[in-house]
Amino acid sequence: MSDSTSISTPADHNPSSLRAEIDRLIAEGALDLATRRLAELWRRDPASGTASFVISRLDGLLEKTPERPALTKFKLAILRSFTVEPIVPLLRAEAFAYGIDLEVHLGDFNTYVQEVLDGGSSLYRFAPNVVVLAVRTDQAAPELWRDFADLVPEAAQQAGGRVVHGYEQWIGAFRKHCQASLIIHSLERPASPSLGVLDDQSEAGQSGLIRQINRELRRIAVEFQGVYILDYDALVARHGSEHFHDERKWLTARLPIAAGYVLPMAREWMRFIVPLSGRTAKVLVVDLDNTLWGGVIGEDGMAGIKVGPEYPGAAYQALQRALLDLSRKGILLAVCSKNNLDDAMEALEKHPGMLVRAKHFAAMRVNWTDKAQNLREIAQELNVGIDALAFLDDNPFEREQVRAALPEVTVINLPKNPLEYASAVRNCAAFERLTLSAEDQQRTEMYAAQKQRSGAEQNFQSKEDFFRHLEQEAELEPVSDLTLARVAQLTQKTNQFNLTTRRYTEPQIAEMAKQPGWRISSIKVRDRFGDHGLVGVAIAHDEGEQCEVDTFLLSCRVIGRTVETALLAHLAESAALRGRKRLVGWFLPTKKNAPARDFYEQHGFERQATNGGGSLWALDLKSSTLHCPDWIKLKVSVGSRIAETTPGGKN
Amino acid sequence: MTASTFEQVRNVASDIFGVPADKITAESSPETVESWDSMQHLNLVLAIEEKFGVQLEPEDIEQMKNIGAVAALVEKLQSAAR
């Protein structure tokens, strides 16, 4: 689909002719192009009517080919105290634009307590990946909302305590029945407190108490795995309470949100759904001229380009701050620019107004080749899939060319005004993260060390010499509370060296670790150039005479340096020590895990069975010669395990 | 009622109700459009408010008995705002 004739620039279509084109493409069976045009329509006109159109056509497409390869299936349940039905089409259309086929289940009005407490409720039968608890203050804390002036201070405090206790119990019950992620709306404060400005003169006023409840909710959420707070109070404040709310709709249809803010509500949910579904971007590739700075370096020169603390350069500095914030979250930055390398490097290294420097970029393509080709090379150099890339460019033609050639890339819809660039990046849900590991925070440094390693590799006669030179140290330990988030993250994000590609949430990993006979090991790797952090996971369980590998994966950073052999050897040796006779495991092929295809065969396993889904391999532990390579110093620690009871779940 | 307001309302209704625009007339109503139930009525209200930047009062919403009435209402609110 990379032919340039299929590129349309935004001027080509008005939304209604685009609708007609989509229906024609569907009728002709050009489903990929129809899918792309649907996304374009949504981008151009993200409104309620468009959402209904997009969803109806999308459902039609999914009926024809249920497994759209580019879409990740994800299930969301919304428990609510208000009408959310009109938000759902916008939410599903927005999810589609992020590559997610979102199935939505709605709880009945105000039945969230029963649904959470009853283990057989329709909520749990739906088997959601994520549950949103969208309850407003008027329902969650009616005494504090409506009749506050009637309460003596002690009674108000007690009412607040009851609200918190209620949440604590529901969350505990939810975790007992279900391992889905849970997103809890914080409680909004009243726009006009009962006592007017007097309310703000004390922490125990109406606003103060609701703030206190929100602080407690945050504390409770931290104690549980996979429970997150959506700051509804801050969302309302960001848009302005008087605009966000619509009293007419609330009193007539139980919809508290005004027409113009239904989409922002959907987008706020997406900021959680995108990272939870794994459809995140790992690398942001940026253009230079008129994107990272104002003007064209090749024409305007160092003195002419605009970037600095004053307007208009300040807009570009704001964007650069947003980029640096992303890199602190572990998102790699890369450059893709049509420029002369010397010009670009001079600006990147020497311009006094620049906040982002050449060292912040893990890869650079400064040349005159087409951008899609450059993006392919960047993905290859950084060892990530094309779908892990996001692309930031001021030129609509370049954006459209990338969308056409590489539909899996997240192309950021950059507004025309540079003052809006920074928020376009900050509001892109593909960069949201719900947990941050030490690895995430150091990723840019790690990739810099990787560049040195690649340089070193070329100076050695044999691979073995190179491996010895690396002085690798690996540390194996069972998953613990400290590593749980990273282990779950790796199962969700690793695509290439992943034998079974089974995705697990934190609660699922914690649950598995408690099952008798199951072992979840993680591996950390260090070498003379730097620390890679926790880069591999193996999950195995004993079944009779054999030990079966459920999951075996390694981050792409360390593939091909025999760490995988060390991890597999450990599984084999420890299984033999426990008296198992065989180590068995499936290889389940995906579009991306070809690097792991021959792994079992190369390590002496024999194929036992093949079916449509994959192949089963076994290693006879008595005759096995599998051992850890002698150039890796391996340390096996017993380590701490997962805490026996979930905090807060006991009451 | 100008043709253009009516056409825009008709296009919105076509999206919301999942009915081709050329099948929708000024007389189309909950009685003649199968999917026009109370929830879709709410969706239509939101889409109209969003599209035309108007705010509909509960009394206005009750008057939206067919597509022609919706378009007339939009024109009335828009000219009042001018």
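Keep in mind the model is a prediction, meaning the values are calculated, not measured.

All names here are of chain A. Taken together, 5 strands build an open sheet; the order of strands is β8-β7-β6-β9-β10 and the sheet is parallel. What marks the edges here is a single partner per strand, and that holds for β8 (361–367) and β10 (410–411). Here 2 bridges tie strand β9 (residues 389–392) to β10, and the two strands are oriented parallel to one another. Its bridge partner lying in β10, Ala 390 is registered against Thr 410.

In this section: the interface of chain B and chain A. When the parts of a complex come together, some accessible area is lost, and that lost area is often used as the size of the interface. Counting residues at the interface gives 15 residues for chain B and 17 residues for chain A. For the side of chain B that touches chain A, the secondary-structure elements that each account for two or more residues are α1 (3–17) and α2 (38–52) of chain B. Looking at which element gives the most residues to the side of chain B that touches chain A, the answer is α2(B), with 8 residues.

Our next topic: the domain arrangement of chain A. Looking at the assigned domains, one finds that chain A contains domain 1 (1–68), domain 2 (71–277), domain 3 (283–431) and domain 4 (460–636). Relative placement of domain 1 of chain A and domain 4 of chain A: their C-alpha centres are 42 Å apart.

Next up on the list: the sheet that holds strand β13 (residues 530–543) of chain A. All names here are of chain A. Spatial ordering of the open sheet is given by β16-β17-β15-β14-β13-β12-β11-β18, a layout of 8 strands whose pairing is mixed. The two strands at the open ends of the sheet, each matched to only one other strand, are β16 (606–611) and β18 (632–636). Sheet twist, expressed as the mean angle between neighbouring strand axes with direction ignored, is 25°. Two elements, strand β14 (residues 546–554) and strand β15 (residues 582–587), share 4 bridges in a ladder whose sense is parallel. Its bridge partner lying in β15, Gln 546 is registered against Arg 582.

In this section: the environment of A:Ile632. Residue and element names in this part refer to chain A. By the secondary structure assignment, Ile 632 is in strand β18. Of the residues examined, Ile 632 has 22 C-beta atoms within 10 Å and is grouped as buried. Distance in space between the C-alpha atoms of Ile 632 and Ile 210 is 55 Å, their sequence separation being 422 residues. Not counting residues up to four positions away in its chain, the partners in contact with Ile 632 are Gln 472, Ala 474, Thr 562, Val 563 and Ala 566.

Residues and elements named next belong to chain A. Here β15 pairs with strand β17 (residues 614–620) via 6 bridges, running antiparallel. In the strand pairing of β17, Arg 582 is matched with Asp 620. Sheet analysis places β16 next to β17, joined by 5 bridges and oriented antiparallel. In the strand pairing of β17, Ala 609 is matched with Leu 616. The hairpin turn running from β16 into β17, its antiparallel successor, is 2 residues long.

Cut-offs and rules
Residues numbered from 1 in each chain as written. Chains lettered and ligands numbered in written order. Predicted model: local features only at pLDDT ≥ 70, side-chain atom pairs only at ≥ 80, totals over all residues. Pairing = 2+ DSSP bridges. Helix = DSSP H or I, 4+ residues; strand = E, 2+ residues; numbered from the N terminus. Contact = placed C-beta atoms within 7 Å. Domains from an automatic or database assignment. Axes fitted to C-alpha atoms, helices over the stretch in contact; angles between N-to-C directions. Buried ≥ 20, exposed ≤ 12 C-beta atoms within 10 Å, placed from the backbone.

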